[in-house]
Amino acid sequence: MDILRNLFYGFPDLWGGGVAHSVMILALVITLGLSLGKIKVKGVSLGLAWILFIGLIFGHFSLNLDEHLLHFLKEFGLILFVYSIGLEVGPSFFSSFKNGGKSLNLLSIIVIALSIITTLGIYSISNTSITSMAGILSGAVTNTPGLGAAQQAFSDLRHIDAPSIAAGYAIAYPMGVLGVILSFIILRFALRIDKNEEEAQAKRGFGHLEAMTLNTFSVKITNKMIFGKTVKEVRHILDRDFMISQIHRPDNDNNKEMVNGQTVLNEGDIIYVVAHPIVQEPLIALCGEKIDMAWEEFGNELITRRIRITKPGINGKTISQMQIRSNLGTNITRVNRAGVDLIATPNLKLQLGDRVTVVGTELAISHTEKVLGNQMKRLNYPNLIPIFLGIMLGCIVANIPFFIPGINENLRLGLTGGPLVVAILIGYFGPKYNLVTYNTISANLMLREIGICIFLACVGLGTGEQFIETVATEKGMIWILYGIGITMIPILLGGIIGRYLFHINYFTLLGVLAGANTNPSALAYVREQTSADSPTVGYANVYPFAMFLRIVTIQIIIFVFG
């Protein structure tokens with residue numbers, strides 16, 4: 001019995017209670033939390049938040065770790081989590097502000113600002129401490145990195161921990177999940193949404209996602225103005241990006257041909273085009289008329305295949321530098337990167353892990369596969385150098401002081417913001433300087449999930465006593481109401497603004513609102529409502545910047561009011 005007691009409560013003669021005790025408590029909290037996280041009620045689950053709740057229960061009954069060990073594990077888990085997020089969103093972070101993404105990110109900024117205003121409004125009229133409000137804000141918007149940033153900022157400011165931050169987060173988190181979904185239901189009726197019409201528009205890709213959507217269509221050349229002109233000349237006349245992958249000549253009934261910039265377009269030719277929706281109508285008007293074409297009926301000599309780039313030497317090279325068309329006789333028509341399709345323009349730089357769509361003969365495509373790699377084994381080995389190099393640089397950046405007018409204290413990005421900023425920069429600029437930053441989705445997800453599980457378990461273990469005392473009181477009930485307000489008011493107002501001011505498609509709008517709250521549960525709910533990809537694209541477009549803003553703004557709140 002003494003052995004079991006020591007395993008659960010620690011060995012009194014060993015620092016930290018002993019390795020076996022510490023590892024067992026941490027693993028047990030995470031295992032129970034993950035198991036309960038799989039429970040869903042009408043498709044909704046609290047997910048990883050269960051780890052925090054189990055940790056709070058263990059902490060309440062003094063099943064805990066040494067405070068120094070607990071502090072280290074908490075910070076280390078947080079670093080792993082935010083750094084893996086930064087590497088994931090880095091490649092698309094700056095491109096998310098282009099074209100239609102500007103309006104979507106502007107709306108996410110408005111939603112974040114509304115949540116901060118609501119929080120500060122409650123703080124000003126109540127007796128609730130700013131640390132508690134920071135925790136409630138993080139829970140209400142389900143932003144776990146924000147919780148870590150608030151704790152880190154207060155620790156830097158006062159050199160002590162604030163258990164009320166984690167307590168506020170844990171109390172507000174459940175309604176942060178349910179409140180967003182309830183707000184979406186209210187918006188549907190308040191905005192008088194016709195789901196079928198909105199879904200049809202979303203699938204066509206029109207609106208704010210035009211720049212992130214690619215359509216394929218066939219055009220018959222009937223405009224005399226372009227008879228005899230090359231594809232390169234047509235591209236210069238239109239001054240838009242598009243890709244012609246194949247062409248069928250009227251004098252060749254059985255076959256289709258490859259296309260390059262020097263291919264001449266003649267009367268009656270039929271071309272197969274890849275372009276953004278916004279380019280589709282101008283291109284059809286210039287070339288002739290859109291037709292329905294069954295390309296598979298005109299021979300099977302040319303085939304289409306997706307190839308994964310797995311050779312590190314290709315990382316950072318442009319498509320024109322690769323000379324795929326001239327050397328191998330194939331065409332790259334589109335590039336899929338992080339779930340977003342890009343037109344294969346000559347100046348587009350390829351990255352390790354990209355999936356390229358290639359058109360050519362079977363033999364030519366097999367040669368192209370050898371050049372590009374297409375061997376998943378090569379991607380299974382994690383690239384550890386950018387991970388540990390980035391974490392090291394992130395710790396340095398975390399402690400660099402900077403000033404904001406009106407704030408007396410030196411601000412620091414801390415161990416949340418520092419690694420995040422460095423990871424975003426490495427993820428974006430790494431391929432441009434031939435630094436291989438790619439890791440498989442599963443490897444990156446494993447790193448991220450391990451980090452957040454350790455962090456949440458340690459937060460729960462460290463604040464269990466105060467949480468139980470708070471949640472069972474009138475103050476705890478009031479905090480729940482505060483959390484509901486911080487969750488729903490910005491979502492409802494943001495939905496109205498996004499619909500009537502920015503004229504955003506309903507399903508795209510819900511994806512943006514879920515992304516502004518960094519709420520994957522809300523995104524999962526929206527995806528069940530439609531077969532269109534627009535909620536996911538809207539979420540992914542605003543998520544990187546929203547995550548960055550949530551982390552930075554909550555630190556500023558702590559420094560100004562803490």
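What this report covers is the structure whose coordinates are included nearby. Bear in mind the structure is a predicted one, so any value in this text is a computation, not a measurement. (Residues numbered from 1 in each chain as written. Predicted model: local features only at pLDDT ≥ 70, side-chain atom pairs only at ≥ 80, totals over all residues. Heavy atoms only, no water.)

Turning to the overall build of the protein, a few remarks are in order. A tally of helices and strands in the protein yields 22 helices and nine strands. For the protein, the proportion of its 562 residues judged to be buried stands at 54%. Considering only contacts within the protein whose residues lie at least 6 apart along the sequence, 79% involve residues at least 24 apart. Of the roughly 25,300 Å² that the protein leaves accessible, carbon and sulfur atoms contribute 59%. (Helix = DSSP H or I, 4+ residues; strand = E, 2+ residues; numbered from the N terminus. Buried < 20%, exposed > 50% of the residue type's maximum accessible area, 1.4 Å probe, protein only. Contact = heavy atoms within 4.5 Å. Areas by Shrake-Rupley, 256 points an atom, 1.4 Å probe, with all protein chains shown as cover.)

A separate point is the pairing of strand β4 (residues 270–275). Along β4, five of the six residues are buried, which leaves the element largely enclosed by surrounding structure. Looking at chain direction, strand β2 (residues 242–248) and β4 are connected through six bridges and run antiparallel. What sits directly across from M243, in β4, is V274. (Pairing = 2+ DSSP bridges.)

Our next topic: the sheet that holds strand β3 (residues 257–258). Pairing is antiparallel in the open sheet, where five strands are placed in the order β3-β2-β4-β1-β5. Two strands in the sheet have a free side with no partner beyond their single neighbour: β3 and β5 (288–291). With six bridges joining them, strand β1 (residues 215–221) and β4 adopt antiparallel strand pairing. From the neighbouring strand, T216 faces β4, where its bridge partner is V274. Against the sheet, helix α11 (residues 277–287) engages β1, β2, β4 and β5, with an angle of about 10° to β1. (Axes fitted to C-alpha atoms, helices over the stretch in contact; angles between N-to-C directions.)

Turning our attention to helix α8 (residues 163–190). When the terminal C-alpha atoms of α8 are compared, their 39 Å separation across 28 residues agrees well with the 40 Å that a helix rising 1.5 Å per residue should span. At A172, α8 shows its largest kink, close to 40°, and the proline P174 lies no more than four residues downstream. Backbone geometry just downstream of α8 places R192 in the positive-phi region, at approximately 55°. (Expected span 1.5 Å × (residues − 1). Bend = angle between axes of the 7 residues up to and from the residue.)

Moving on, we come to the packing of aromatic side chains. One pass over the full model with this rule turns up three aromatic pairs. Look at F72 and F76: their rings are 5.8 Å apart centre to centre, the planes differ by 10°, and that puts the pair in the stacked class. Taken together, the residues F72 and F76, both in helix α4 (residues 67–93) and four residues apart, mark about one turn of the helix. For F76, a relative accessible area of 37% corresponds to the partly exposed category. (Phe/Tyr/Trp six-rings, centres within 6.5 Å; stacked < 30°, edge-to-face > 60°.)

Another aspect to go through is a nonpolar patch on the surface. Taken together, I385, L389, M392, L393, I396 and I400 make up a surface patch of nonpolar side chains, about 540 Å² in accessible area. Structurally, the position occupied by I385 is in helix α16 (residues 384–398). A relative accessible area of 65% means that I385 is categorised as exposed. (Patch = residues over 30% accessible without salt bridge, like charges linked within 9 Å, V, L, I, M, F, W, Y side chains within 5 Å. Salt bridge = Lys/Arg side-chain N within 4 Å of Asp/Glu carboxyl O.)

What follows deals with the side chain of Q246. Note on placement: Q246 falls in strand β2. For Q246, a relative accessible area of 5% corresponds to the buried category. Each residue touching Q246, except ones within four places of it in the same chain, is listed here: K256, E257, V259, I270, I271, Y272, W295, L302, T304 and V359.

With that settled, the discussion passes to the nonpolar core. Grouped burial of nonpolar side chains is what soluble globular proteins tend to show. Ranked by size, the top nonpolar core spans 94 residues in total, and within it V29, F184 and L513 carry the most contacts. Setting aside residues up to four positions removed in sequence, L513 forms contacts with V111, F184, L187, I491, G494 and G495. (Core = buried A, V, L, I, M, F, W, Y, C linked by side-chain atoms within 4.5 Å.)

This part is about helix α22 (residues 534–561). For α22, with 28 residues, the first-to-last C-alpha span of 39 Å sits near the 40 Å given by 1.5 Å per residue. Bending of α22 peaks at approximately 40° at the position of Y543, with proline P544 no more than four residues after it.

Okay, the pattern of salt bridges next. If you walk through the whole model with that rule in mind, you get three salt bridges. Here R305 and E362 are joined by a salt bridge, their closest N and O atoms 3.0 Å apart. With R305 in strand β6 (residues 302–308) and E362 in helix α14 (residues 362–372), the pair connects residues that are 57 residues apart, well separated along the chain. When its relative accessible area of 26% is taken as the criterion, R305 is described as partly exposed. Relative accessible area serves as the criterion here: at 44%, E362 is assigned to the partly exposed category. Each of R305, E362 and E369 takes part in salt bridges that share partners, so that together they form one network.

Running from amino to carboxyl end, helix α5 (residues 101–125) crosses α22 at an angle of 25°, the nearest separation of the two axes being 10 Å. The orientation of α5 relative to α22 falls into the category roughly parallel. Relative to α22, α5 is oriented so that their crossing is right-handed. Across from G101, L104, N105, S108, I109, I112, S115, I116, L120 and Y123 in α5, the residues of α22 making contact are N541, V542, F545, A546, L549, R550, T553, I557 and F561. Partitioned by chemical class, the residues of the contact of α5 with α22 number 12 nonpolar, six polar and one charged. (Parallel < 35°, antiparallel > 145°, perpendicular 65-115°, else oblique. Left-handed = near helix turned anticlockwise from the far one by under 90°. Nonpolar A, V, L, I, M, F, W, Y, C, P; charged D, E, K, R; others polar.)

So, about the packing of helix α7 (residues 144–158) against α22. For the pair α7 and α22, interaxial distance at closest approach is 8 Å and the crossing angle is 30°. By the angle between their directions, the pair α7 and α22 is classed as roughly parallel. For the pair α7 and α22, the sense of crossing is right-handed. Residues P145, G146, A149, A150, A153, F154 and L157 of α7 lie in contact with α22, whose contacting residues are M547, I551, I554, Q555, I558 and F559. Per-class residue counts for the contact of α7 with α22 are 11 nonpolar, two polar and no charged.

Here we come to unusual backbone geometry. Not every positive phi belongs to a glycine, and T142 is a case in point at roughly 50°. Tracing the chain through its elements places T142 in the loop between α6 (130–140) and α7. Residues other than glycine seldom take positive phi values, yet R192 does so here, at roughly 55°. Note on R192: relative accessible area 78%, which makes it exposed.

Within the secondary structure layout, S126 lies in the loop between α5 and α6. Judged by relative accessible area, which is 15%, S126 ranks as buried. Engagement of the side chain of S126 in a polar contact is seen with the backbone oxygen of I122, the distance being 2.7 Å. In this structure the side chain of S126 is engaged in a polar contact, spanning 3.3 Å, whose partner is the side chain of T128. (Polar contact = N/O pair within 3.5 Å; in protein donor to acceptor, adjacent residues only side chain to side chain.)

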